[in-house]
Protein chains: 2
Amino acid sequence: MSAANPPKQYAPGARKVDAGTTAAPFREEVRSQVAKLKQSGIESPLLVGLLANTDPAAKKYAEWTGKACIADGIRYELRTIEDPIDVEAALCDANDDPRVHGIIVYYPIFGQVESFSGESQDDYLRDTVSYKCDVEGLCHQYRSNLYRNIRFVDREHTKKCVLPCTALSVVKILESVEKCYDKSKPIGRHMEGQVVTIINRSEIVGRPLAAMLANDGAEVYSIDIDSIYLFSGGRLHKCEGETPESCVKKSSIVVTGVPTKSYRLPSNWIKEDTTVVNVASFKNVDEDEILQIPGVSKYTLLY
Amino acid sequence: MSAANPPKQYAPGARKVDAGTTAAPFREEVRSQVAKLKQSGIESPLLVGLLANTDPAAKKYAEWTGKACIADGIRYELRTIEDPIDVEAALCDANDDPRVHGIIVYYPIFGQVESFSGESQDDYLRDTVSYKCDVEGLCHQYRSNLYRNIRFVDREHTKKCVLPCTALSVVKILESVEKCYDKSKPIGRHMEGQVVTIINRSEIVGRPLAAMLANDGAEVYSIDIDSIYLFSGGRLHKCEGETPESCVKKSSIVVTGVPTKSYRLPSNWIKEDTTVVNVASFKNVDEDEILQIPGVSKYTLLY
């Protein structure tokens, strides 16, 4: 995208970057691994998608997954389920099927329904995906390991944990921005000295991302509607004196993920040379405004 | 309690029953098992309680657990944690400590906080209790096994799954009522022919209970704010034509668990000889009214 945008309207050094550019080398790696399998006579992995809703966004996402799999040599099978109450059985079938290597569930299935307990049935389904098939890294075991900085499934350290996918994609974006990650430092300290604000603390994006960046040495402010936490030095701290404004103003990396159409981050909170990543399905930042700030890099992740 | 109540004010056969009476033989069994361990020179099991709130109900519950443990010969250690954000670390310490046999977390820890995602951090904690220490049977693995009618943790069938505790206590109450369970039938069919309505579908009480009774052969209507499901014959069905009233009116067992002070089940929906169990912390049924219905048994479980 950057080539198509007239750079003159931006402040010096400001740029809008397409996440696809960051993804390209990883997709190349997937293709080469699948090719190696085929050369050894092993069938390419099978990813099963479970779709049980008519939400156009979920349908679109299911189509994209299919296209990406085909392009990368992965077998893909979309299973469409009429009634949400049948998804659990279909999911367990796929978990137990040795021919299935990966499972992706297209949410919402039940969505945020009205219930006495306030629970979402989708959270239950998310944790029902077996860790052996969980390509999104969202089941409880993977999240719990991440929060404790446990990087392998087994004691022998042969199988790496799968990291929550959307949060991992933000990390990959930040790794591609030279100033965010310092790979000359030892593992666990690549982000030392970096201050990050993440506006979202869901178990899908915000909390895993905060943990990952803190595990890499950053100081991470995690903001939700009712509270601000600081993830730092392997520990979680409560921030009584901070406000969203004070956090963003001292951050060189800001990630927004607010699932509300009306939310807009005030552009004047963002300092020069900040990397801004928006992972919401809504525009949480005013792109035109922040690209007037010198040195700002702006990424968008469709989510 | 039944002895203290003047029976003349009740309809013929109607009775109010104290859950403690049902519990007594199980506590006796626990005491005898602990005594056997001690005779073999094995220390009695250690239960760790984690309390991180000043909610008087949670504190009271923690005290009760302690008293019950001491009475039954189980060692009990209450760990009070100042800040909710430190509970996860304390929980992981207890999970990893080979001296700890059981863990009980006193909720709410975070409670239903305002968040962009609508998730409750308490659900995450509930699933973080290792299945090896989960005396309440509420972690995802135990619930998931229950919903699939898998009764053992291991393939060799040496270790039984722990069933969700509050739901199990309702089963034990129903087993104590002669007309509910027919133990002359084969396993899985003890409740054949019984129609049950459960008003609550939380992952803590309503859904596990519906699964347990359906696994025993009952037809179970599961009611929540926005939907009615029927658990029957190992499967979940959507009930388009039913209403709470139509379900209760055909049920011989009714379980209420609505966490709202204002909710009251209309007494005229309940037919004669029905067993009514209230597991809410509020009075969901008008006790005086339903005890005017011939043959009604009324149980209360503090929750």
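Residues numbered from 1 in each chain as written. Chains lettered and ligands numbered in written order. Predicted model: local features only at pLDDT ≥ 70, side-chain atom pairs only at ≥ 80, totals over all residues. Heavy atoms only, no water.

Undergrad: Outline the relation of the copies chain B and chain A, supporting the account with residue identities and numerical values.
TA: For the pair chain B and chain A, the best superposition has an RMSD of 0.0 Å and corresponds to a rotation of 180° with a translation of 0.0 Å parallel to the axis. The symmetry that links the two subunits is that of a two-fold axis. Using C-alpha coordinates, one finds that chain B approaches the rotation axis most closely at Glu119 of chain B, a distance of 3.7 Å. Take the interface residues of chain B: 100% of them recur as interface residues in chain A, which is what a same-surface contact looks like. (Least-squares fit on C-alpha atoms with pLDDT ≥ 70 in both. Contact = heavy atoms within 4.5 Å.)

Undergrad: Please give an account of the interface of chain B and chain A that cites residues and values.
TA: Taken residue by residue, the interface counts 43 residues in chain B and 43 residues in chain A. Across the interface of chain B and chain A, roughly 3,600 Å² is buried in total on both sides, 52% from carbon and sulfur atoms. Counting the contacts that link chain B with chain A gives five salt bridges. Measuring nitrogen to oxygen at the nearest pair gives 2.6 Å for the salt bridge that ties Glu88 of chain B to Arg207 of chain A. Counting across the chain B and chain A interface gives nine residue pairs in polar contact (both at pLDDT 80 or more). At the level of secondary structure, the elements contributing two or more residues to the side of chain B that touches chain A comprise helix H3 (87-96), helix H4 (121-128), helix H5 (140-147), strand S6 (219-224) and strand S8 (235-238) of chain B. Considering each element in turn, the side of chain B that touches chain A owes the most residues, six residues, to H4 of chain B. Class assignment for the residues of the side of chain B that touches chain A results in 15 nonpolar, 10 polar and 18 charged. (Buried area = accessible area lost by both parts, 1.4 Å probe. Salt bridge = Lys/Arg side-chain N within 4 Å of Asp/Glu carboxyl O. Polar contact = N/O pair within 3.5 Å; in protein donor to acceptor, adjacent residues only side chain to side chain. Helix = DSSP H or I, 4+ residues; strand = E, 2+ residues; numbered from the N terminus. Nonpolar A, V, L, I, M, F, W, Y, C, P; charged D, E, K, R; others polar.)

Undergrad: Go over the pairing of S6 of chain B, please, and point to the residues and values.
TA: Residue and element names in this part refer to chain B. Among the six residues that make up S6, five are buried, leaving the element largely enclosed by the rest of the structure. The pairing of strand S5 (residues 195-199) with S6 spans five bridges and is parallel. Within S6, the position partnered with Val195 by the bridge is Glu219. With five bridges connecting them, S6 and strand S7 (residues 227-232) associate as antiparallel partners. Bridge pairing in S7 places Ser222 opposite Tyr229. (Buried < 20%, exposed > 50% of the residue type's maximum accessible area, 1.4 Å probe, protein only. Pairing = 2+ DSSP bridges.)

All we've got here are geometric facts, nothing functional implied.
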